[in-house]
Amino acid sequence: MILSQKITSYPGHEITPEDVKEGKYLDVVYKFEPKYSWAAGVAISRFLAELKEGRIIARKCMNCERILVPPRMYCEQCFRPTDEWVQIKDTGTINTYSISHVGTDARRLKTPILVAVVDLDGATPGMGILHNLGEVEPSEIKVGMKVKAVWKSSSERQGAITDIRYFRPIGEE
Amino acid sequence: MKNRVAIVGAGMTLFRRRMLESPKELSFEATRMALDSAGLELKDIQSVVSGSAPDAFDGMHMKGEYLLDGMGGIGKPNQRVYVGGGTGVFTPIGGFWNVASGMYDTCLCVAEEKMSPLHPHPQYAFWSIFDQILERPLGTTLLWIFSLEMRRYMHKYGIKEEEIASVAVKNKGNAVDHPCAQLGAKITVDDVMNSEPICWPVKRLDVSPPSDGAAAVVLATEKVAKKLTDQPVWLDGVGWTLDSTHWTNRDLAYPEYVEKAAWMAYKMAGIKKPRKEIDIAEVYDPFDYKELHHMEGLQLAGKGEAAKMAVDGVTQRDGDLPVCPSGGLLGVGNPIAAAGMMKICEVFWQLRGEAGKRQVKKDARTGLAQAWGDLMQVGTVAVMRS
């Protein structure tokens, strides 16, 4: 096999899992454990405060008339400040979904996570958010399915995206 | 443009899951090979553009500065470019600015990635590209954006998983003839379909592997190139655009940002009918469906029509439009930035007729390399001619 007819050797030495097990090569292990504290920003702070009340809020740009969610204080297309807060519904449509058998660090999960982009009612069509699905068999999920947010109780809600436990199918309306 | 830009040399290392060489050593090996193939020494190089993707893989901040020695950048004007997975093709685009502008006569472009240092899995680094307030608390993994995009693409155009799997079969098969390949193999559509689901519809064999590796090219002005070689490959068009990180607000079935980048490159290269004028394409294929998705964005297939081309054999090495004759990321491997650069190298070798067993059947004069990345939002495109 050749890389190019003018090149005949290919540099590099592979380390196999067996090499590592046998301690053939030295490695240095280090664990980095920083901690961050993020300000949520003007738009998302209000969004989170509304989630705590069991509501979903968006921002409207009067120029392009889009209702934006997640909300932002400026319209990235018109490049001007957005104009007003708009309450939207906690129902929507599954734009796309996936059945995830792996977690954040790519380790295999015992129970798969059901994940979807949900286009929310009341926002401009195609304005979806990422969230989980629940109360549904993976094989029954369909693109275009109507869903509704299942909220944590008001005492459990803390102003986080996880104040919505998941979205569940509500059947055709 | 002040200067026409030529590629005069290319080099790369083996791509493997884990390599002994340090990031600097890998960079040196690829760079040295590129210089040797161009017949140049480091003293002949006037500027250096380096490409490497997330610092989080290495756990080493300011990786561009760290890599400098191995990339031949000491004491020279050096720039690191970084647009996630799009970096590999963006690196020679950065080099193009250096040479086309008339600032430098020669420019070394080097891309390196070691994903293996991060445990338990390199995927973990991608967790931090998601929105920290609204997305990470949901247990995100990078695979979600692919599986969600793949599902939407399948839904919109009625594409079957089996059709998509044919891309993995082709690319892993092509990689059998690539001496640096990590995952060359003769597999079947059934093998892909029966491989374990990771994030359905994405299954194990739909995905490229994590890899270590480096690749490099040397760019030169027309005047310098003609002194060095009878076979310069011209970098005649470059394009790149990015979309917003509000990826859930986007049409996931069609990569509009890739289309914009493609037209920018085509316009520069004077290409009006890409499907007719592009002879071979190294399309970015971290997942099998991405090759199809990108072919459509690149105007090499109509919307929803790339799958049929793959199934009909149009994109095979002996087909009318060979796509990923190298074996792509799915077969050769995916050391992020180096993988995109590997595609530039492959088009270079193909257009010079030097690719040996990988050489496409048709007489290829115009080729394209494309990469993609970040939060599924960047397209980088290069058009090359013999």
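Residues numbered from 1 in each chain as written. Chains lettered and ligands numbered in written order. Predicted model: local features only at pLDDT ≥ 70, side-chain atom pairs only at ≥ 80, totals over all residues.

K.L.:
How should I be thinking about the environment of A:Cys78 in this particular structure?
P.N.:
Residue and element names in this part refer to chain A. One can find cysteine 78 in the loop between β3 (74–75) and β4 (80–81). Among the residues examined, cysteine 78 registers 14 C-beta atoms within 10 Å and is labelled partly exposed. In this structure, cysteine 78 is in contact with Cys61, Asn63 and Cys64, ignoring residues within four places of it in sequence. (Helix = DSSP H or I, 4+ residues; strand = E, 2+ residues; numbered from the N terminus. Buried ≥ 20, exposed ≤ 12 C-beta atoms within 10 Å, placed from the backbone. Contact = placed C-beta atoms within 7 Å.)

K.L.:
What should I look at first to understand the packing of helix α6 (residues 161–175) of chain B against helix α11 (residues 288–297) of chain B in this one?
P.N.:
Residues and elements named next belong to chain B. Two elements in contact, α6 and α11, have axes separated by 7 Å at closest approach and are oriented at 100°. Relative to α11, the element α6 lies roughly perpendicular. Contact with α6, carried on its side by Ile164, Ala165, Val167 and Ala168, involves Asp288, Tyr289, Glu291 and Leu292 of α11 and no other residues of that element. A breakdown of the residues in the contact of α6 with α11 according to their chemical character gives six nonpolar, no polar and two charged. (Axes fitted to C-alpha atoms, helices over the stretch in contact; angles between N-to-C directions. Parallel < 35°, antiparallel > 145°, perpendicular 65-115°, else oblique. Nonpolar A, V, L, I, M, F, W, Y, C, P; charged D, E, K, R; others polar.)

K.L.:
Is there a simple way to explain the sheet that holds strand β10 (residues 366–373) of chain B in this structure?
P.N.:
Each strand in a sheet pairs with its neighbour through backbone hydrogen bonds, running either in the same direction (parallel) or in the opposite one (antiparallel). Residue and element names in this part refer to chain B. What the nine strands build is an open sheet, ordered β3-β2-β4-β7-β1-β8-β11-β10-β9; its pairing is mixed. Among the strands making up the open sheet, the edge pair consists of β3 (78–81) and β9 (280–282). Taking each pair of neighbouring strands and ignoring which way they run, the sheet shows an average axis angle of 25°. Strand direction decides the pairing type here: β10 and strand β11 (residues 378–385), joined by eight bridges, are antiparallel. The residue of β11 that forms the bridge with alanine 371 is threonine 380. (Pairing = 2+ DSSP bridges.)

K.L.:
For this particular structure, what's the right way to read the pairing of strand β6 (residues 91–102) of chain A?
P.N.:
In summary, the side chains of a regular strand alternate between the two faces of the sheet. Residues and elements named next belong to chain A. Extensive coverage of β6 is indicated by the burial of nine of its 12 residues. As defined by bridge partners, β6 adjoins strand β9 (residues 146–151) across three bridges and the pair is classed as antiparallel. Each bridged residue has a counterpart across the sheet, and for glycine 92 the counterpart in β9 is valine 147. Relative to strand β7 (residues 108–120), β6 runs antiparallel, the two being bridged by nine bridges. Bridge pairing in β7 places glycine 92 opposite leucine 120.

K.L.:
Would you explain the sheet that holds strand β1 (residues 56–60) of chain A in this entry?
P.N.:
All names here are of chain A. The strand order β2-β1-β5 describes an open sheet built from three strands, whose pairing is antiparallel. Two strands lie at the open edges of the sheet, namely β2 (67–68) and β5 (84–88), each paired on one side alone. By the bridge criterion, two bridges tie β1 to β2 in an arrangement that is antiparallel. What sits directly across from arginine 59, in β2, is leucine 68.

K.L.:
Help me out: how do you make sense of the interface of chain A and chain B in this one?
P.N.:
Often the size quoted for an interface is simply the accessible area lost on bringing the parts together. Facing the 48 residues of chain A at the interface are 50 residues of chain B. When residues of the side of chain A that touches chain B are traced back to their parent elements, those giving at least two are β6, β7 and β8 (128–132) of chain A. A per-element tally of the side of chain A that touches chain B places β6(A) first, with eight residues. Taken together, the residues that form the side of chain A that touches chain B break down as 27 nonpolar, 16 polar and five charged. Judged from the two bridges that link them, β6(A) and strand β5 (residues 197–200) of chain B form a sheet pairing that is antiparallel. By the bridge assignment, A:Ile99 is partnered in β5(B) with B:Trp200.

K.L.:
Help me understand the environment of B:Val383, please; the structure alone is not making it clear to me.
P.N.:
Residue and element names in this part refer to chain B. With respect to the helices and strands, valine 383 occurs in strand β11. Separated by 117 residues in the primary sequence, valine 383 and tyrosine 266 place their C-alpha atoms 7.2 Å from one another. If we skip the residues at most four places from it in the chain, valine 383 touches Asp236, Gly237, Ala265, Tyr266, Ala269, Ile271, Thr366 and Leu368.

K.L.:
Would you mind showing me how to read the domain arrangement of chain B here?
P.N.:
All names here are of chain B. Here the domain parsing of chain B yields domain 1 (5–119 + 211–236) and domain 2 (142–210 + 238–385). In this structure, domain 1 and domain 2 have C-alpha centres spaced 22 Å apart. Those elements that place two or more of their residues in the side of domain 1 that touches domain 2 are β1 (5–12), α4 (87–100), β4 (106–114), β7 (212–221) and β8 (233–242). Broken down by element, the residue count for the side of domain 1 that touches domain 2 peaks at eight residues, all from α4. Among the residues forming the side of domain 1 that touches domain 2, the class breakdown is 21 nonpolar, 12 polar and six charged. (Domains from an automatic or database assignment.)

K.L.:
Sorry if this is basic, but what is going on with the nonpolar core here?
P.N.:
Proteins that are soluble and globular tend to have nonpolar side chains buried together. Residues and elements named next belong to chain B. Membership of the largest hydrophobic core comes to 177 residues, with the highest contact counts inside it found for Val217, Leu219, Phe348 and Ala382. With 12 residues, helix α14 (residues 336–351) is the single largest residue contributor to this core. Both of domain 1 (5–119 + 211–236) and domain 2 (142–210 + 238–385) provide at least three residues apiece to this core. If we skip the residues at most four places from it in the chain, alanine 382 touches Val89, Pro92, Ile93, Leu235, Val238, Ala265, Ile344 and Ala369. (Core = buried A, V, L, I, M, F, W, Y, C linked by C-beta atoms within 7 Å.)

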